[in-house]
Amino acid sequence: MELGRDLAGRVVAVTGAARGIGRALAVAAGARGARVVALDRDGPGAEAVAAGLGGRGFALDVGDAAAVAAILTRIEAEIGPIALYGSNAGILERDPDPELATSADLDSWARSWSVNVMGHVHAARVLVPLWRARGGGAFLGTVSAAGLLSQIGSAPYGATKHAALAFLEHLAIAHAADGIRVAALCPQGVDTAMLGAASAASRDGVLSPEAVAEAAFDGLAAGRFLILPHPQVAAYARRRAEDPERWLAGMARLRQAMLAEA
Ligand SMILES: NC(=O)c1ccc[n+]([C@@H]2O[C@H](COP(=O)([O-])OP(=O)(O)OC[C@H]3O[C@@H](n4cnc5c(N)ncnc54)[C@H](O)[C@@H]3O)[C@@H](O)[C@H]2O)c1
């Protein structure tokens, strides 16, 4: 199946689809002929997006394992086999004290872990065995450049996005031979409700959610694992790997500059 280009009649489910990057992924899938299922904590928002695409929308909290299993089972039974799962929902909770990297409370850590990591895990635990049995399927996880680099101003975001990328790598390594395609979408700044004013992610330019969705489908079509809508991220990741001390010192200077500007 040429996932990036032709999705005619295929079922594509996207989480966090009520707005932002998830909505753009749903619209891009619809434009490629997919039968779109929009999922979001915001049920009416998901339904509204789906209605515009002739698809279906449901309320879902991706951090709720039982709810994820129930909705995926229902989609498979009522709509059809899920060909592509856009595991996109995520949350960014900033450190309450920007000067203190340990200021996020335990509830913030738990919420970030539940959505940004377990959201992928709960879905994969249902879909990967199904896809193995039928010889294929694709999992597109929205991570972030923060999963390769860091997130100045949010310890839970940086840590959970690194964990999400590690999980997606694990899936890709383990199940490529089963015909399961895995991709990690890692943008920097994207013009959505999530993007704050003082974000290092904005420094290389803010992309529209639509441009990020096009990059995602181009990346799928090209068979890539790592999809980087901002090309600068590849160079940053390389520098971090080649000289971690130099990279950390540069990030510390960037953080100081951002605190001074704030
Ligand atoms: N905006 C950026 O600059 C940026 C950059 C890199 C990565 N990302 C990632 O892109 C993804 C989408 O972010 P966005 O910018 O579109 O944000 P957004 O806040 O505009 O949209 C996120 C959507 O996810 C939904 N959502 C949140 N928690 C959920 C849950 N538990 N279950 C189901 N739905 C839930 C929200 O209701 C919302 O509709 C996230 O994973 C985010 O981390 C965003």
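Now for a look at the structure at hand. Keep in mind that this is a model prediction, so the values were computed, not measured. (Residues numbered from 1 in each chain as written. Predicted model: local features only at pLDDT ≥ 70, side-chain atom pairs only at ≥ 80, totals over all residues.)

### A short note on the sheet that holds strand β7 (residues 226-227)
The 7 strands lie next to each other as β3-β2-β1-β4-β5-β6-β7, forming an open sheet whose pairing is parallel. The open sheet is flanked by β3 (56-59) and β7, the only strands paired with a single partner. For strand β1 (residues 11-15) and strand β2 (residues 35-40), the ladder comprises 5 bridges, and the chain directions are parallel. Bridge pairing in β2 links Val 12 to Val 36. Along the sheet, helix α5 (residues 118-134) makes contact with β1, β4 (82-87), β5 (137-142) and β6 (180-185), crossing β4 at roughly 165°. (Pairing = 2+ DSSP bridges. Helix = DSSP H or I, 4+ residues; strand = E, 2+ residues; numbered from the N terminus. Contact = placed C-beta atoms within 7 Å. Axes fitted to C-alpha atoms, helices over the stretch in contact; angles between N-to-C directions.)

### Structural notes on the site of the ligand
Contacts to the ligand come from 30 residues, most closely from Gly 16, Gly 20, Gly 90, Ser 144 and Thr 192. A per-element tally of the shell around the ligand places helix α1 (residues 20-31) first, with 3 residues. (Near = placed C-beta within 6 Å.)

### Notes on the nonpolar core
Ranked by internal contacts, the top residues of the largest apolar core, which has 75 residues, are Val 12, Ala 26 and Ala 38. Tallying contributions element by element places α1 first for this core, with 7 residues. Those residues in contact with Ala 26, other than ones at most four positions away along the chain, are Val 14, Ala 17, Val 36, Ala 38, Val 49 and Leu 53. (Core = buried A, V, L, I, M, F, W, Y, C linked by C-beta atoms within 7 Å. Buried ≥ 20, exposed ≤ 12 C-beta atoms within 10 Å, placed from the backbone.)

### What about the pairing of β4?
The buried fraction of β4 amounts to 6 of the 6 residues, a majority that puts the element mostly inside the structure. Bridge count between β4 and β5: 4 bridges; the pairing is parallel. Following the sheet pairing, Leu 84 is matched in β5 by Ala 138.

### Here we look at the packing of helix α3 (residues 65-78) against α5
Two numbers describe how α3 lies on α5: the axes approach to 9 Å, and their chain directions differ by 40°. Taken together, the axis directions place α3 and α5 in an arrangement best described as oblique. Like other packed secondary-structure pairs, α3 and α5 cross with a definite hand, here right-handed. Taking contact as the criterion, the partners of Ala 65, Val 68, Ala 69 and Leu 72 in α3 are, on α5, His 122, Ala 123, Val 126 and Leu 127. Taken together, the residues of the contact of α3 with α5 sort by class into 7 nonpolar, 1 polar and no charged. (Parallel < 35°, antiparallel > 145°, perpendicular 65-115°, else oblique. Left-handed = near helix turned anticlockwise from the far one by under 90°. Nonpolar A, V, L, I, M, F, W, Y, C, P; charged D, E, K, R; others polar.)

### Observations concerning the environment of Gln 232
Residue placement: Gln 232 occurs in helix α8 (residues 232-242). On a C-alpha basis, the gap between Gln 232 and Ala 146 in space is 13 Å, while along the polypeptide they are 86 residues apart.

### Quick word on the pairing of β6
Burial analysis of β6 places 6 of its 6 residues in the buried class, which makes it a mostly covered element. A two-sided burial pattern is seen for β6, the buried positions comprising Ile 180, Val 182 and Ala 184 on one face and Arg 181, Ala 183 and Leu 185 on the other. Here β5 runs beside β6; their pairing, made up of 6 bridges, is parallel. In the strand pairing of β6, Leu 140 is matched with Ala 183. For the crossover from β5 across helix α6 (residues 155-175) to β6, the handedness is right-handed. With 2 bridges connecting them, β6 and β7 associate as parallel partners. Looking at β7, one finds that Leu 185 is bridged to Ile 227. (Right-handed = clockwise from strand over helix to strand, strands pointing away.)

### Re α6
Along its 21 residues, α6 runs 30 Å from first to last C-alpha, staying within 8% of the 30 Å computed at 1.5 Å per residue. Here α6 has its buried residues at Ala 155, Pro 156, Tyr 157, Ala 159, Thr 160, Lys 161, His 162, Ala 164, Leu 165, Leu 168 and Leu 171. (Expected span 1.5 Å × (residues − 1).)

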